[in-house]
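Each chain, letter by letter, is given below.
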Amino acid sequence: MEARLDPEAILREGLRRGLSELEVVVVSTERVTASIVSGEIKPVLFSARTTYGLRAAIGRRVAGISVGDLGTSLEEALRDLERAVRSSPEDPYWQGFPPKIDRGVRSETYSKLFDYLEPEKAVELAKLVVDSAVERGRVVGADRTTVMEGLVELARVNIRVVNTNGVDVSERCSVFGAYGSVKSVFGGTDSTYDFSLGSRRVAEEELVKRVVEAVDYTTLFRGPTTPESGVYPLVLAPRVAAEVLTAALIPAVSGLNIVEGRSPLKGKIGAPVLNEKVTIRDDPTLPLHYGSRSFDDEGVGVYSKTVFDRGVFATPLTNYYVSKRLNMESTGNGFRTLPGASTAPAPTNVVLENGSGGLEEFTRELKRGIVVYSTIGSWMSNFVSGQVYFTVTHGLLVDGGRVRPVKSFVVAGNIYEWLGGKLVEVGSDAEVNANYVTPSLYIAEAKVSGG
Amino acid sequence: MAEMVSLGFDPVSWIRKGEEMGADYVDVRYQEHTYEFILLDNGVVRESTVSKSRGVGFRVFYKGFVGYASTNDLNEPSLKNALEQALRIARALEGRSRPARVASRGVHRDRVASDYSIDPVDVDVSEKVDLLKAIHATLREERALSSVVLRYGFEKDRRVIASSRGDYVDFTRRMVGVGGVLVAQAEGSMERLSHGESRVAGWEFVKNFDWERLFKENAELVVGALKAKTLPPGKYDVVLDNEMVGLLIHEAFGHASEADIVMSGGSVLENRVGSVVASELVSIVDDGKVSGGVYLPYDDEGSPKVKVYLIEKGVFRGYLHNLETAGFFNASPTGNGRSMTYADNVLVRQTNIYLEPGDWDPYEIIQDTKRGVYLKGRGASGGQVNPATGSFTFTSGPSFIIEGGEVQGMIRGVMIAGNILETLLNVDAVGLDLEVKTSVFGGCGKGGQMVRVGDGGPHVRVRGVALGG
């Protein structure tokens, strides 16, 4: 889709109207999705949408608008923007939109396969999911295996950021996403498991691998019970480790949360806060990874940085606004929820560095403990207090050499304890889940609320 | 023609074009959406934005195969391209999918808007900012608060649905609300509480509400939670307040009763219609017009939303439907076909789900509980369910121990886990104090789509619930 409003004209006309600085973000997305319902491919969608984000300041008065109506004229857009800015109170910390900051990083964010964005490709991939599941179901001896529900998404996104301080960057990104639930029936008993995948490449082989793995897990988690309440050693599979980091730890490294007094990491830069086995990077340069970018949403160049270095909190993630308040350079982590909204610090690709061992080794080492493969509710963990909790949908109880499937119980603890004194080991079996690259985690103890 | 003037295009003529191109059935979904958001972060306006969007989605049936396409460019070539794309997709699915059948129903033509007195669009931003600043000022004296984030939200959502059947429904809803996240800190311990109030209404709701009292109560709660104990893991008898009951039934029952999930084979409620799934004290309703909830007289297929009993006196009565699932199950559409935007496909979604009131005074439920936990919803984060395994979970805000029929010391928020086919069987007391709420700041997520919902109920006691935290 071609942009209707001309960003240069917006900047020019905005300055003429008395706005002291402006920023224009143009996001154009073309997307095809194919859904799977009960092994059938339907429905299939195509959407094309361009949205403009206009932000401006007069002195320290700042406001923004998002325009998702392509019938909007330049005059209407600027009138709304000007009204919003003039009625907004001053932000005493406002330092302006960023100047041009190019760190020379050009990440691989687009796969040429997305040049031809056809619904047929999404249908073909959805069919691959269904066929792979059915075939694997036969191999594992299920009476019947089906993909109950799922979705394959292919999208290309163009982002352009222009401001009156010299920023003018564009980036083209491709997005491939897939998720679903498979169900196998064994002797009249159902067993289910979910799979998901996110990338900037069409990762067909990985998709098939995850579907096959999900079907295999339907055999492993047949006939679950609920464990007794108590305190257990805990092993988290890579994707659960990613979920825990997402909800309980990474929001706490946001410079905005630190500077505004809602992160337990305030005042802890340079201090050991986690076990020395924990090193976490924010890396936007991984080729064709889900969170890879060359520039953030305010046009600042990105780079790879270590956030926790052998347990020491090395740096918060910042956008330009927060970096000024912290008296540091922006880390290039300013991202938005809407084109017209202000940026807030957010990660690109989060990489938990490998240690040793892995899910299988940790499970073998357990005398009595819980291994967690899949959860619901981990996003409700509390990064302010560090409290982690989730409900297990697919887990294993290891007890004196016996291994049996378990579900429907709450696991709780504190992230700074789990990744601190209670951390036994970080695995070496890193797995990519959307923008997280995490191995398994072995934790000495966690509270379990079950039967 | 009047319709074309108001929308900038004529949906009916595009339906005819689709039919001329070979479609058996076309529906057009037009949406105009405005969202105003102001965020006051520790007294400073961090965000003041207005988002406006407009677009059109076409759904085309060709021999029962369905294609969707959408655009936010309402000029003729873009609309034509989207319509052709939808038809092309539908044709491409022939032989690669099973044809769908939509349920038959009458034709609906209506124009309706939710009630309001003062349109928030007409209220100056400065008045909204002043309101947030006044709340912030009242919280300054609470020194344990290390962060106060306050937010104002307003949404105007106009949807027009027209179809080959002859439907033409034009519906506008205004929602408004104020919320906040308070963080307290003392002696190396931190806690947060997120809470707000929203209504389907205009600025008059914001203007007349006692926000300062609400947020002072919230501040007391979060500061109290700093010193509160965590609950030892285990099973407890719990008394749930109105908000917690809403979360419980939305997660523990609502999702599993959505017919598209049942159709996919992903619900433990498959083949359970007519069976006992809850205590006989439990009746659960999905209703698009209940007071306090989100207002939905029609769904996104133009079907009127009807009040549906999912459970009546403990017996499961039936599923929530859109046109396609109603066709599949030979049932009547219930008006639960909803999409997040014009660009998304129609899923089966809850509207306002609530548990009907019983005859217990809420205080009597507490007095009748020898030992348990009084779970409070203020500050709860939400919930999630896996309808295929039957596992559900949700969190509470700061809550209280019950000892000897009295509310005792505070505990920090907990996580609740349960199983769809077990938990509601253990309800043994239902209060008479029905309350339903919605939110302009969030909603329910499914299939990547978030829609506004409401939920609630009276106070309820459930025996033997797993709690952790």
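Described below are features of the structure shown in this document.

Definitions and limits used
All residue numbers refer to position in the chain's written sequence, counted from 1. Whichever chain is written first is A, and whichever ligand is written first is 1; the rest continue in order. Where local features are concerned, this predicted model is filtered to residues with pLDDT of at least 70; where side-chain atom pairs are given and counted, the filter is 80 or more; whole-chain, interface and lining totals use all residues. Side-chain figures throughout are based on the complete set of non-hydrogen atoms in the structure, without hydrogens or water. To qualify as a helix, a DSSP run of H or I must reach at least 4 residues; to qualify as a strand, a run of E must reach at least 2; elements of each kind are numbered from the N terminus. For a compact globule the rule gives 2.2 Å times the number of residues to the power 0.38, and the radius of gyration it is set against comes from C-alpha atoms. Three labels apply to residues, based on accessible area from a 1.4 Å probe with only protein chains included: buried if under 20% of the type maximum, exposed if over 50%, partly exposed otherwise in between. Residue contacts are defined here by distance: any two heavy atoms, one from each residue, within 4.5 Å place the two residues in contact. Each aromatic pair joins two rings of Phe, Tyr and Trp (for Trp, the six-membered one) with centres within 6.5 Å, and gets the label stacked for planes under 30 degrees apart, edge-to-face for over 60, and tilted for any other angle. The criterion is that NZ of a Lys, or CZ of an Arg, lies within 6 Å of the ring centre and within 35 degrees of the ring normal, and then a charge sits over that ring. Strands were regarded as paired on the criterion that DSSP finds at least two bridges between them. All axes are obtained by fitting lines to C-alpha atoms, using only the stretch in contact for helices, and the reported angles, taken between N-to-C directions, cover 0 to 180 degrees. Accessible area, probed at 1.4 Å, shrinks when two parts are joined; the buried area is that loss added up over both. One side-chain nitrogen of Lys or Arg within 4 Å of one carboxyl oxygen of Asp or Glu is enough to make a salt bridge. Each residue is assigned to one class: nonpolar for Ala, Val, Leu, Ile, Met, Phe, Trp, Tyr, Cys and Pro, charged for Asp, Glu, Lys and Arg, and polar for all the others, Gly among them. In this analysis, the expected span of each helix is defined as 1.5 Å times one less than the number of residues it contains. Helix crossings get a hand from a simple test, with the near helix turned counterclockwise from the far one by less than a right angle marking a left-handed crossing and a clockwise turn marking a right-handed one.

Looking now at the overall build of chain B. When helices and strands are counted, chain B shows eleven helices and 26 strands. The C-alpha radius of gyration computed for chain B amounts to 24 Å, which stays within 12% of the reference 23 Å derived for 469 residues, consistent with globular compactness. Over its C-alpha atoms, taken along the principal directions, chain B stretches across nearly 70 × 55 × 35 Å. Within the span of chain B, comprising 469 residues, buried residues form 65% of the whole. A separation of at least 24 residues holds for 75% of the contacts in chain B among residues at least 6 apart in sequence.

Two descriptors summarise a pair of aromatic rings, namely the distance from one centre to the other and the angle between the planes of the rings. Inspection of every chain in the model, using the stated rule, returns 24 aromatic pairs over all chains. Aromatic side chains A:F221 and A:Y373 sit 5.1 Å apart centroid to centroid with 70° between the ring planes, which places their arrangement in the edge-to-face category. Of the two residues, A:F221 sits in the loop between α4 (204-220) and β7 (230-236) while A:Y373 sits in strand β14 (residues 368-376), which places them 152 residues apart along the sequence. Summarising the burial analysis for this pair, A:F221 and A:Y373 share the class buried. Where A:F308 meets A:F313, the ring centres are 5.4 Å apart and the plane angle is 35°; that geometry is what we call tilted. A:F313 shares its class with A:F308; the two are buried. Members of the aromatic cluster, each reached through a chain of ring pairs, are B:F253, B:F316, B:Y319, B:F328 and B:F329. Of note, A:R325 hangs over the ring of A:Y93, and the distance from its end group to the ring centre comes to 3.6 Å.

Next up on the list: the environment of A:Y217. Relative to the helices and strands, A:Y217 is located in helix α4. Measuring from C-alpha to C-alpha, the distance between A:Y217 and A:S184 comes to 9.6 Å, with 33 residues separating the pair along the chain.

All names here are of chain B. Read across the sheet, six strands follow the order β11-β10-β9-β14-β25-β22 without closing on themselves; strand pairing throughout is mixed. At either margin of the open sheet sits one strand with a lone partner, and together these are β11 (315-316) and β22 (435-438). Judged from the three bridges that link them, strand β9 (residues 284-286) and strand β14 (residues 352-355) form a sheet pairing that is antiparallel. Paired with D286 across the bridge in β14 is I353. Docked against the sheet, helix α7 (residues 242-254) engages β9, β10 (308-312), β11, β14, β22 and β25 (454-457), running at close to 115° with respect to β25.

All right, on to the interface of chain B and chain A then. Each side of the interface is counted separately: chain B has 85 residues, and chain A has 83 residues. Both sides together, the interface formed by chain B and chain A hides about 6500 Å², and carbon and sulfur atoms give 51% of it. In this assembly, chain B and chain A are joined by ten salt bridges. Taken together, the residues that form the side of chain B that touches chain A break down as 29 nonpolar, 38 polar and 18 charged.

Residue and element names in this part refer to chain A. In spatial order, the strands read β10-β9-β8-β13-β20-β19; together these six strands make up an open sheet with mixed pairing. Lying at the two open borders of the sheet, with one neighbouring strand each, are β10 (312-313) and β19 (431-433). Here strand β13 (residues 350-352) pairs with strand β20 (residues 436-438) via two bridges, running parallel. By the bridge assignment for β20, V350 is matched with Y436. Taken strand by strand, helix α5 (residues 238-249) contacts β8 (280-282), β9 (305-309), β13, β19 and β20, and its axis lies near 125° from that of β20.

Time to look at α5(A). All names here are of chain A. The terminal C-alpha atoms of α5 lie 15 Å apart, and with twelve residues this matches the ideal 16 Å at 1.5 Å per residue to within 8%. Among the twelve residues in α5, ten count as buried, and that is most of the element. P238, R239, V240, A241, A242, V244, L245, A247, A248 and L249 are the residues of α5 that are buried.

All names here are of chain A. Cis geometry marks the peptide bond from K42 to P43, where omega comes out at -10°. Mapped onto the secondary structure, P43 falls in strand β2 (residues 40-58). Unlike most non-glycine residues, N327 shows phi in positive territory, near 60°. Tracing the chain through its elements places N327 in the loop between α7 (320-325) and β11 (334-335).

Moving on, we get to the packing of helix α3 (residues 119-139) of chain A against α4(A). Residue and element names in this part refer to chain A. For the pair α3 and α4, the least separation of the axes is 9 Å and the interaxial angle reads 35°. For the pair α3 and α4, the crossing hand works out as right-handed. On α4, the residues that touch K121, L125, L128, V129, S132, A133, R136 and G137 of α3 are E204, L207, V208, V211, V212, V215 and D216. For the contact of α3 with α4, the residue count by class is nine nonpolar, two polar and four charged.

Attention shifts here to the pattern of salt bridges. Overall, the coordinates contain 77 salt bridges over all chains when judged by the stated rule. A salt bridge links A:K127 to A:D131; the nearest nitrogen and oxygen atoms lie 3.2 Å apart. Of the two residues, A:K127 and A:D131 both sit in helix α3, four residues apart, roughly one turn of that helix. Put simply, B:D41 and B:R46 hold a salt bridge, and the shortest N to O gap is 3.4 Å. Among the residues examined, B:R46 registers a relative accessible area of 11% and is labelled buried. Look at the salt bridges and you will find they share partners, linking A:D91, A:E260, A:R262, A:R325, B:D41 and B:R46 into a network.

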